[in-house]
Structures are given as structure tokens and as C-alpha cells.
Amino acid sequence: ILQYLSTTHALETTEAVATEEHQAAEEHNPVGEDLLDAESQSSEESDGEPNPEAMVPPPQYQRGRRNAIAVAPASAVKIEDLPKYPKDDTARHHIGQVLAKNLLFSHLDDHQKDILIDAMFERNAHTAEVVIRQGEQGDLFYIIGSGEVEYHITKGGVTQCVGRSGPGQSFGELALMYGSPRAATVVCATDCMFWVMDRNTFRSILLETTLSKRQRYQDFLAQVPILSQLTPYELSTVSDALQPSTFTDGQVIVQQGELGDRFYIVEEGCVIVTRVDPGQTPMEVNRLRPPQFFGEIALISANHCRRATVTASGNVRCLALDRDSFTRLLGPLEDILKRNTTQYNLYFSSQI
């Protein structure tokens, strides 16, 4: 989704640049003549009378300014400017459950979901009222708060009821991403109440929160010494591959002596680092909090054994990256470290 929104944003930027260039060209040449126009003008002067046909360029040249790409703005409003519609705890819980089960929203974190829930507004409809109509363009997503709806599809001039939904179910989510025609007509089977979101609000929230999160992750990664040789583009690529993981109080995240292939950044909470030497009792050696990290050597060596145990103290949220994902994105980290011979020797001479 981020790639889609980023591409959309890039296309809009390109269109804006093209518009500026076009305006600059018009200022430089107010009449807007090209070579064909100049030839037509020359012909008119020589004949004494204008030739209407000569003034019109051939069809293939009648393009003028390039048409805008039909894409909605990627971020028309700031999150802080979005209205917040009050809801009781029950309504928020039900909306949250629907979002969690929908593929389009399942990847969002709790903060993003809270913003989406705040931005959804209430709409009431009566029995037999058409909510959306097949074939029409739509930009609204609906969650059924109460009542029931029917789905009707018209094919070959025949309309057929193909399904029915009730409270806690949703429809129209594709309209949040694409301006495609509605695939079915939705009619209220009873009086209904819906929680509704429009495409512009959804994309504004998703783009701004995702880009903000990406920047925060990049800042985390930039503090990891072993990743200091990565370029800004590489840091951005790796930040998109970070996977959030949650742990409960007392849960062991990594175990001393076990092979490790995953690197962690503490995003929320605190973890306790303990170590056991032969014949000794476990001893706490550190406590890590955001944005501290551990397990980074696992990105280099497939045979690296954990040198300490890391346990969650309270509820903890970490960002994780495994060696295979890193290698798939950027190649072996060992090769990247070779950009700086001193750092390469530092890690490998210490037999990590």
C-alpha cells in the first residue's frame, strides 16, 4: 500500500512540475505557436487571407498539454486538521474488530487504527434506501453499526440478490484505494446506521502515519553502529522490512546459547539482559529501552550463538529484522561492512 501511495505521490509531483514547465513556456511564448503554427502564419501572410485549414495542425499534433493522471491527492489534509467524531467505547471496539479482520487494515498499528476510528462519521439510512449503486464511482467505505443490507448485482438486464450483511460487517473498502466502479448495488433491508470513511481521509492518514513511522524507524537504524555504512536509500529500504513483535512480561525474546538470525530494536517498554557464566548464577548485565537494540550480530553470521538472554519487563514492543530479509534486500551485510575496512576488521577480528 505504501508503494502505491508513494508512486501516486511521485506521479502528482511529476504532474506539478509539468504544469510549471507548461506555464513557463506560455509566459515565454504567450501565443503558444510551434513550428507548424509558424508555417501556417507564413502561408497566411503570403496569400493575403488566412487559411482555416492551414491554421489547424494535423490530428497527431493536437495534444496540447499532457492530461492529468486521474489519481486523488495522496495527502490533501494534515492529520491534526481531520475532524474527530465522538464514539462510545462499544462503538470503538466494534469498529476496531472490523478493521482487524479486514486485509486492507490488518497491517496497521494501534495508533493508526485509533486515528482511522476517530475519523469515521455516522450515517443513517432507511429501509429500501440505496447506499451505493452498481457501476457508479465511489470513494466511501462502510461499516454496518446496526441493521442489515442486501447486495444486488445486475447482469444481462436481470437483477439478483447475491448476499446479505448485518452489524459488524463492512463493504466498499476497495473505494479507499481505487476509483473503480462499484461492483454491486447495496440496499438497506432495514433501517441502518453506518460508520463511514472517505478515500481522501484514509489515504491522508495512511500516508502521513506510514511516512512518519518510516522516518522514525530510519532514525532507529541510523544509531546501530553495524549499519552505519548504509546509504539513506538503503536505510529506507530496511526500515520498510522491520516487523513489529510484541512480548508479555517475563517472556524470553532471545536465549543465551541459542543460534540467532534476528535483530531487534526496542520500540516500546523495557527488556532485561542477563548472562550466565559456567558455574555461576544468572546475572543482570543491562536494561534496554527505546531506541536501544540487541542481536545485531545475527545479521552477519548464520552460526552466531546468543551471548545473553533478553527478557521482556512488562509489555514490550520490538521491531525485528531477520538475516534472510536483509540479505534479500541489500545483499550480505559482510559485503556492506567492507566499504569501511576498519569497521569490517573490528567485527570479524573479535570473532563475533
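Residues numbered from 1 in each chain as written. Predicted model: local features only at pLDDT ≥ 70, side-chain atom pairs only at ≥ 80, totals over all residues. Heavy atoms only, no water.

Here we look at the overall build of the protein chain
Secondary structure summary: the protein chain contains 10 helices and 14 strands in total. In the protein chain, which comprises 352 residues, the share counted as buried stands at 38%. A sequence separation of at least 24 residues applies to 74% of the contacts in the protein chain between residues at least 6 apart. On the protein chain, roughly 20,200 Å² of surface is accessible, and the fraction owed to carbon and sulfur atoms is 51%. (Helix = DSSP H or I, 4+ residues; strand = E, 2+ residues; numbered from the N terminus. Buried < 20%, exposed > 50% of the residue type's maximum accessible area, 1.4 Å probe, protein only. Contact = heavy atoms within 4.5 Å. Areas by Shrake-Rupley, 256 points an atom, 1.4 Å probe, with all protein chains shown as cover.)

Here's the deal with the sheet that holds strand β5 (residues 158-165)
Reading across the sheet, the four strands line up as β2-β7-β4-β5 and stay open at both edges, with antiparallel pairing between neighbours. Each edge of the sheet is formed by a strand with only one pairing partner; in this case those strands are β2 (130-132) and β5. Pairwise comparison of adjacent strand axes, ignoring direction, gives a mean angle of 35° for this sheet. (Pairing = 2+ DSSP bridges. Axes fitted to C-alpha atoms, helices over the stretch in contact; angles between N-to-C directions.)

Description of the environment of I79
When you line up the elements, I79 lands in the loop between α3 (52-55) and α4 (89-101). Beyond its immediate sequence surroundings of up to four residues, I79 is in contact with I115, I205, E208 and T209.

What about helix α8 (residues 323-330)?
What sets the pattern is the α-helix's 3.6 residues per turn: residues three or four places apart point alike. Those residues of α8 not exposed but buried are R323, S325, F326 and L330. The arc that holds the buried residues of α8, viewed along the axis, is 165°, so those residues lie on one side. Counted as exposed and oriented over 90 degrees from the buried face of α8: D324 and R328. Capping the start of α8 is the job of one residue whose side-chain oxygen sits 3.1 Å from the backbone nitrogen of D324: D322. One or two residues past the end of α8 sits G331, with phi positive at roughly 90°. (Arc of directions from axis to C-beta. Polar contact = N/O pair within 3.5 Å; in protein donor to acceptor, adjacent residues only side chain to side chain.)

Considering the state of the cysteines
With the rule as written, the count across this model stands at zero disulfides. A disulfide-free cysteine, C188 has its sulfur positioned 3.9 Å from the sulfur of C192, the nearest such atom. You can call C188 buried: its relative accessible area is 3%. (Disulfide = S-S within 2.5 Å.)

Structural notes on the pattern of salt bridges
Counting across every chain of the model gives 11 salt bridges. Across the pair D114 and R92 runs a salt bridge, and its minimum N-O distance is 3.8 Å. Residue D114 is found in helix α5 (residues 110-119), and its partner R92 is found in helix α4; the two are separated by 22 residues along the sequence. Given the relative accessible area of 23%, R92 is considered partly exposed. Among the salt bridges present, the one from E267 reaches R216, with a minimum N-O distance of 2.9 Å. Linking E267 in strand β11 (residues 262-275) with R216 in helix α6 (residues 199-222), this pair joins segments that are 51 residues apart in sequence. Exposure remark for E267: the relative accessible area of 11% places this residue in the buried category. (Salt bridge = Lys/Arg side-chain N within 4 Å of Asp/Glu carboxyl O.)

So far we have only geometry, and geometry alone does not tell us how the molecule works.
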